[in-house]
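Here are the chains, one letter per residue:
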Amino acid sequence: MMFDNATLSLIAKALNTVGLFILAYGLSQRRRPRIHMPVMLTAFAIDVFNVILVEVLARSKEGKGAVEQATSVFTEGGTTLQYVHIGTSFLCIVGYVVAVITGTRLWRRGVGRTAHRVNAAAFIVTRLVSYVTSFWM
Ligand code: HEM
């Protein structure tokens, strides 16, 4: 492995923070779709890459991947913080997918602004809660 676990963990936290700043910038550009769309897609790509990184990190640290550990929290029980972190992180991915679908429709056909906006509001809450709780994982 090129990096040790402590370094990988630090990189994951840094990327999580960078993703949040990119999202904030993308949100500030929500009236300028040509900027807003690629910026939000970049944040999506960074967050997906981070999920893969956390998966690799968990495997090398605990011999079990993050997804496998998350599943066992639901089947065998875990702390409230774990439930909240896993639940909101999963909802973030759902929120990104819904944002791409509703955003593309809004761009192409000019419809579904309310759907895109409501999803955005829910997404912002889940992304922030996932971010804060990640520091206890
Ligand atoms: C999670 C990521 C995203 C969030 C939180 C978000 C949030 C928002 C918000 C709050 C608005 C303003 C809506 C309004 O006018 O009230 C907006 C507008 C828009 N978004 Fe997104 N968005 C996201 C991702 C995307 C993606 C991936 C696309 C397209 C691929 C997209 C396309 C658009 C378009 C076309 C508009 C309308 C811009 C305009 O002409 O005013 N968004 N977005």
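Residues numbered from 1 in each chain as written. Predicted model: local features only at pLDDT ≥ 70, side-chain atom pairs only at ≥ 80, totals over all residues.

## Focus on the overall build of the protein chain
The test is simple: Only DSSP runs of H or I reaching four residues or more are called helices, and only runs of E reaching two or more are called strands; each is numbered from the N terminus. Here exposure depends only on C-beta density: within 10 Å of a residue's C-beta, 20 or more other C-beta atoms make it buried, 12 or fewer make it exposed, and intermediate numbers make it partly exposed, the C-beta atoms being placed from the backbone. Placing a C-beta atom from the backbone of each residue, one calls two residues in contact when those atoms lie within 7 Å.
Of the regular secondary structure elements, the protein chain holds 5 helices and 0 strands. In the protein chain, the order of α-helices and β-strands from amino to carboxyl end is α-α-α-α-α. For the C-alpha atoms alone, the extent of the protein chain along its principal axes is close to 50 × 35 × 20 Å. A burial count over the protein chain gives 20% of its 137 residues as buried. Summarising the internal contacts of the protein chain: among those between residues at least 6 apart in sequence, 57% fall at separations of at least 24.

## A look at the site of the ligand
Let me state the cut-off plainly: Each residue gets a C-beta atom placed from its backbone. If that atom is within 6 Å of a molecule or strand, the residue is near it. Classification used: nonpolar for Ala, Val, Leu, Ile, Met, Phe, Trp, Tyr, Cys and Pro, charged for Asp, Glu, Lys and Arg, polar for all others including Gly.
Every one of the 21 residues lining the ligand counts as a neighbour, but R30, M40, A99, G103 and A120 are closest to it. At the level of elements, α2 (33-62), α4 (80-109) and α5 (113-134) are the ones that each hand at least two residues to the shell around the ligand. Of the residues forming the shell around the ligand, the biggest block, 8 residues, is contributed by α4. Considered class by class, the residues forming the shell around the ligand number 12 nonpolar, 5 polar and 4 charged.

## Some remarks on the packing of α4 against α5
Let me state the cut-off plainly: Angles run from 0 to 180 degrees between N-to-C directions of axes, and those axes are lines fitted to C-alpha atoms, restricted for helices to the stretch in contact. Here the angle decides the label: under 35 degrees means roughly parallel, over 145 means roughly antiparallel, 65 to 115 means roughly perpendicular, and every other value means oblique. Each crossing is labelled by how the near helix is turned from the far one, with a counterclockwise turn of less than a right angle marking it left-handed and a clockwise turn marking it right-handed.
α5 packs onto α4 with a crossing angle of 150 degrees between their chain directions and a minimal axis gap of 8 Å. Judged by the angle between their axes, α4 and α5 are roughly antiparallel. Judged by the sense of rotation from one axis to the other, the crossing of α4 with α5 is left-handed. Among the residues forming the contact of α4 with α5, the class breakdown is 12 nonpolar, 12 polar and 2 charged.

## Re the confidence of the model for the protein chain
Using the following cut-off: Across the chain, each position has a pLDDT score giving the predictor's confidence in that residue, from 0 to 100.
The pLDDT averaged across the protein chain works out to 94; a share of 99% of its residues lies at or above 70. Between the elements of the protein chain, mean pLDDT differs from a low of 91, seen in helix α3 (residues 66-76), to a high of 98, seen in α5.

## What about α2?
The criterion, for reference: Multiply 1.5 Å by the residue count of a helix minus one, and that product is the helix's expected span.
In this model α2 runs 42 Å from its N-terminal to its C-terminal C-alpha over 30 residues, within 8% of the 44 Å that 1.5 Å per residue would give. Looking only at α2, the buried set comprises V39, M40, A43, F44, D47, N50, V54, L57 and A58. Lining the buried residues of α2 we find α1 (5-28), α3 and α4. Positive phi appears at G63, one or two residues downstream of α2, with a value of about 75 degrees.

## Details of the environment of C92
Its place among the elements puts C92 in helix α4. When the C-alpha atoms of C92 and R108 are compared, they prove to be 24 Å apart, with 16 residues separating the residues in sequence. Excluding residues within four positions of it along the chain, C92 makes contact with D47, F123, T126, R127 and S130.

## Focus: the nonpolar core
Stated precisely, the cut-off is as follows: Here a nonpolar core is just a set of buried residues of the types Ala, Val, Leu, Ile, Met, Phe, Trp, Tyr and Cys, joined wherever their C-beta atoms sit within 7 Å.
By size, the foremost hydrophobic cluster in this structure holds 9 residues: L23, V39, M40, A43, F44, C92, Y96, A99 and F123. Secondary-structure elements contributing two or more residues to this core are α2 and α4. Residues V54, A58, A70 and I86 belong to the second largest nonpolar core, which totals 6 residues.

## Some thoughts on the environment of R31
Turning to its location among the elements, R31 is positioned in the loop between α1 and α2. It is 15 Å that separates the C-alpha atoms of R31 and R105, two residues lying 74 residues apart in sequence.

## A short note on the packing of α2 against α3
In contact at an axis separation of 7 Å, α2 and α3 are set at 80 degrees when each is read in the N-to-C sense. The orientation of α2 with respect to α3, classified from their angle, is roughly perpendicular. Contacts between α2 and α3 involve V54, E55 and A58 from the former and A66, V67 and Q69 from the latter. When its residues are assigned to classes, the contact of α2 with α3 shows 4 nonpolar, 1 polar and 1 charged.

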